[in-house]
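# Breakdown of the fold
These are the residues of each chain, in order.
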Amino acid sequence: MINREGTPRFRVGISTGGGDAPGLNAVIRAVVLSSLHRGWECHGIRDGFHGILAPKQYPNGGVIPLYRDSVRGITHIGGTIIGTTNWGNPLHYPTTGSDGQVYERDRSDEIVNGLAAHGLDAVISIGGDGSMTIAAALARKGVRIIGVPKTIDNDLDGTVVTFGFDTALAFATECLDRLLSTAQAHQRVIVVEVMGRYAGWIALNAGISGSANAILIPEIPYDINKVAAKIKKREADGRCYSIVVVAEGATPAGGDVSVVEHELGRDKRLGGIGERIAHELQELTSRETRLVVLGHLLRGGSPTTFDRLLALRFGAAATRAIEEGQSGVMVALDPPGVRYVPLEEATKRMKTVPLDCDSVRTARDLGIVFGD
Ligand code: F6P
């Protein structure tokens, strides 16, 4: 597109990758409005970078213009208007060879060329650790790229918190409140499985806030007998109900994470740990036990005020970062401001729950057990 002065406009591409999180649309809106405000154009890349890699899949094109109207009224809506995917990491893209075998190949050069072909001068990539790793690789290949951290799991390093986490936490806590009354009424044990592959932030914070009696997280391998002992002790004290919150990535001491399936081109799909724990606790305590898996409910819904504001701030900061000539950095919350962290640094390690953090200590002080 050419502006009135006859010069091509600066073009920003936006991509959302990985599992969705409440607040993605708020970032998109902030990027679009901040870009238009600067006289730039904005274009949405469909489904992560699939809009570049497989444009024929999209009748309206894999890269679509985003106007003021495109982002009107979307701040409070979950999901992402440009789509996302956690299949087909471009750095390890699953491809079927002539021998019928599926192998992985690096398609990042195709993205570099595709972005140039669409005339995109800079890209804002919104995602979790996978998306930030892809962004870092593209930055090394010369793409002008800014990362925006998102994940309900809050396991991205370099930022105090990611948007999506507060919304997931608020919903998980509300569910625990609801489950507590029915557990009390029926004198049951209720096991609540929440998301959290590598980090137990949701389980920990919701568990403390929602009066759980046991919290099992990936960072602390558990012994089921210790959880059962806690339930029995409560019974002996006259409280014949208990709430056990389990992160999907929790593992028994000496055991493995519970995997549903592992398809080439995506992370292992976790699940089943809640069921296993519920079954074992019923056996060990003889108390009627029920399982509730919150799963993808945690990823939906309207972002909380905190997440909306953080997402809008991240979107505006990412646009400013482009204007300031930054590249290869991720915007990060560093209260009271937002700073830029090199993508290489943000992706070095996963932000897991420190075993001596105040929340873990608070939980222990409240008598909540971790099964260790
Ligand atoms: O968004 C991260 C996450 O919530 C993980 O906790 C979970 O393992 C994963 O997404 C599940 O993603 P999906 O079912 O979309 O593959």
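Now for a description of the structure that goes with this document. (Residues numbered from 1 in each chain as written. Predicted model: local features only at pLDDT ≥ 70, side-chain atom pairs only at ≥ 80, totals over all residues. Heavy atoms only, no water.)

## Concerning the layout of surface pockets
Applied cut-off: Method remark: on a 1 Å grid restricted to protein atoms, a set of points is classed as a cavity if a 1.4 Å probe fits but cannot get out and as a pocket if it is open with protein on both sides within 12 Å along at least five of seven lines; lining residues have an atom within 4 Å of a point. Grid points are joined across faces, edges and corners, and a volume is the space filled by probe spheres set on the points. Numbered from the N terminus, helices here are DSSP runs of H or I no shorter than four residues, and strands are runs of E no shorter than two. In this classification, Asp, Glu, Lys and Arg are treated as charged, Ala, Val, Leu, Ile, Met, Phe, Trp, Tyr, Cys and Pro as nonpolar, and every other residue, Gly included, as polar.
A volume near 1,200 Å³ is recorded for the largest pocket. Taken together, 50 residues line the largest pocket, and the ones lying closest to its centre are Gly 18, Gly 19, Asn 86, Arg 197 and Asp 267. Elements supplying a minimum of two residues to the lining of the largest pocket: helix 4 (129-140), strand 8 (189-194) and strand 12 (269-270). The dominant element in the lining of the largest pocket, judged by the number of residues it contributes, is helix 4, at 5 residues. Of the residues that constitute the lining of the largest pocket, the class distribution is 12 nonpolar, 22 polar and 16 charged.

## As for the sheet that holds strand 9 (residues 214-216)
Where we set the bar: Strand pairing is assigned whenever DSSP detects at least two bridges linking the two strands. Comment: axis = line fitted to C-alpha atoms, over the contacting stretch for helices; angle = value between 0 and 180 degrees taken between N-to-C directions. Working rule for contacts: check all heavy atoms of both residues, and any pair within 4.5 Å makes them a contact.
Reading across the sheet, the 4 strands line up as 9-10-8-13 and stay open at both edges, with parallel pairing between neighbours. The open sheet terminates on both sides in strands that have one partner only, identified here as strand 9 and strand 13 (289-293). Looking at each pair of strands side by side, their axes are set apart by 15° on average, direction ignored. Relative to strand 13, strand 8 is paired through 5 bridges, and the arrangement is parallel. Across the sheet, the residue bridging to Val 191 is Leu 291, located in strand 13. Along the sheet, helix 6 (residues 201-209) makes contact with strand 8, strand 9 and strand 10 (242-247), crossing strand 9 at roughly 170°.

## Overview of helix 5 (residues 165-186)
Working note: α-helix, 3.6 residues per turn, so residues spaced by three or four point in the same direction. Condition: Each residue after the first adds 1.5 Å to the expected span of a helix. Exposed residues in this analysis have more than 50% of their type's maximum accessible area, buried residues have under 20%, and partly exposed residues fall in between, with area computed by a 1.4 Å probe over protein chains only.
Its 22 residues give helix 5 an end-to-end C-alpha distance of 31 Å, which sits within 8% of 32 Å, the value for a rise of 1.5 Å per residue. Along helix 5, the residues classified as buried are Phe 165, Thr 167, Ala 168, Leu 169, Ala 172, Thr 173, Cys 175, Leu 176, Leu 179, Leu 180 and Ala 183. Just past helix 5, the residue Gln 187 takes up positive phi, approximately 55°.

## Section: the packing of helix 6 against helix 11 (residues 358-365)
We count it as follows: Our angle categories are set so that under 35 degrees counts as roughly parallel, over 145 as roughly antiparallel, 65 to 115 as roughly perpendicular, and the remainder as oblique. Note: crossing handedness is left-handed where the near helix turns anticlockwise from the far helix by less than a right angle, and right-handed where it turns clockwise.
Between helix 6 and helix 11, the shortest axis-to-axis distance is 10 Å and the interhelical angle comes to 40°. Viewed along their axes, helix 6 and helix 11 adopt a mutual orientation that is oblique. For the pair helix 6 and helix 11, the sense of crossing is left-handed. Residues Leu 204, Asn 205 and Ile 208 of helix 6 form the contact with helix 11, whose own contacting residues are Ser 359, Val 360 and Ala 363. In terms of residue class, the contact of helix 6 with helix 11 is made up of 4 nonpolar, 2 polar and no charged.

## A closer look at the side chain of Asp 307
To keep it simple, the criterion reads: Under the counting rule used here, the positive set is Lys and Arg, the negative set is Asp and Glu, and His together with the chain ends is not counted. A pair is scored as a salt bridge if a Lys or Arg side-chain nitrogen falls within 4 Å of a carboxyl oxygen belonging to Asp or Glu. As used in this structure description, the phrase polar contact means that two N or O atoms lie within 3.5 Å; if the pair is within protein, one of them must be able to donate a hydrogen and the other to accept it, and residues adjacent in sequence are counted only when both atoms belong to side chains.
Along the chain, the position of Asp 307 falls in helix 9 (residues 305-323). The side chain of Asp 307 sits in the buried core without any salt bridge; Arg 308 is the nearest counter-charge, 8.7 Å away. Engagement of the side chain of Asp 307 in a polar contact is seen with the side chain of Thr 167, the distance being 2.5 Å. Sequence-distant contacts of Asp 307, defined by excluding residues within four places in its chain, comprise Pro 22, Thr 162, Phe 163, Gly 164, Phe 165, Asp 166 and Thr 167.

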